[in-house]
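The primary structure of each chain is shown beneath.
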Amino acid sequence: MEKGPFSVEWLAQSSPRGPRREGSPLQTLPSAPTDAPRDREAADRSSPGHEAEAVGGALPGRPRTKFSAAQLQELERSFREQRYIGAGEKRRLAAALNLSQSQIKTWFQNRRMKFKRQTQDAR
């Protein structure tokens with residue numbers, strides 16, 4: 001039987017790394033051990049604003065950030081002034097609130113979506 005174009009066997013042989021020798025052509029990479037260093041690093045983050053919330057069945061990764069009341073007050077104040085944050089303001093807030101610039105950016109994205117839902121519900 002001839003291997004037609006785009007068959008699993010044909011695709012496996014035409015891959016840049018050549019045919020796979022072990023297992024099936026659709027063999028997947030072994031999964032990472034459950035006690036991976038990345039998980040331990042995430043669990044070790046115990047600075048303010050990095051407490052994890054217990055969520056049943058959540059995917060492993062970075063724990064959810066629980067913002068303090070003071071952090072939320074400053075973030076909300078900044079959001080009221082301007083819904084889209086610039087690089088300078090993001091750096092200033094991150095330093096002042098002991099958060100990363102990524103956390104500031106994500107908070108603003110989430111807050112804009114919350115604002116959008118609230119304005120749509122009001123109609």
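As named in an unreviewed UniProt entry, the protein is VEX1 protein, taken from Sapayoa aenigma. UniProt's Subcellular location (unreviewed entry) comment on the protein is quoted here verbatim: "Nucleus".

> Teacher, can you tell me more about helix H3 (residues 69-81) here?
Two residues of an α-helix separated by three or four positions point the same way, owing to the 3.6 residues in each turn. For H3, spanning 13 residues, the distance from its first C-alpha to its last is 19 Å, which sits close to the expected 18 Å at 1.5 Å a residue. Restricting attention to buried positions, one finds in H3 the residues Gln71, Leu75, Ser78 and Phe79. Along the axis of H3, the buried positions cluster into a sector of 100°, meaning they face one direction only. Projecting away from the buried face of H3 at angles above 90 degrees are the exposed residues Ala69, Ala70, Gln73, Arg80 and Glu81. Packed against the buried residues of H3 are helix H4 (87-97) and helix H5 (101-122).

> What's the story with the side chain of Gln103 in this structure? I'm lost.
One can find Gln103 in helix H5. One polar contact links Gln103 to Thr65, side chain to side chain, over a distance of 2.9 Å. There is a polar contact of 2.8 Å between the side chain of Gln103 and the backbone nitrogen of Ser100.

> Please clarify how the pattern of salt bridges should be interpreted in this entry.
Side chains bearing opposite charge may pair, as long as their charged atoms lie close to each other. The final tally for this structure, using the stated rule, is five salt bridges. The partner of Arg111 in a salt bridge is Glu76, and the shortest N-O contact between them spans 3.0 Å. On the criterion of sequence distance, the pair formed by Arg111 in helix H5 and Glu76 in helix H3 is long-range, its members being 35 residues apart. You can call Arg111 buried: its relative accessible area is 13%. Between Glu81 and Arg77 there is a salt bridge, and its shortest N-O distance comes to 2.4 Å. Residue Glu81 and its partner Arg77 are located together in helix H3, separated by four residues, close to a single helical turn. The class for Arg77 is partly exposed, based on a relative accessible area of 26%. Look at the salt bridges and you will find they share partners, linking Glu74, Arg77, Glu81, Glu89 and Arg92 into a network.

What counts, and where the lines are drawn
- Residues numbered from 1 in each chain as written.
- Predicted model: local features only at pLDDT ≥ 70, side-chain atom pairs only at ≥ 80, totals over all residues.
- Heavy atoms only, no water.
- UniProt positions renumbered as here; feature names shortened; annotations may be inferred.
- Helix = DSSP H or I, 4+ residues; strand = E, 2+ residues; numbered from the N terminus.
- Expected span 1.5 Å × (residues − 1).
- Buried < 20%, exposed > 50% of the residue type's maximum accessible area, 1.4 Å probe, protein only.
- Arc of directions from axis to C-beta.
- Contact = heavy atoms within 4.5 Å.
- Polar contact = N/O pair within 3.5 Å; in protein donor to acceptor, adjacent residues only side chain to side chain.
- Salt bridge = Lys/Arg side-chain N within 4 Å of Asp/Glu carboxyl O.

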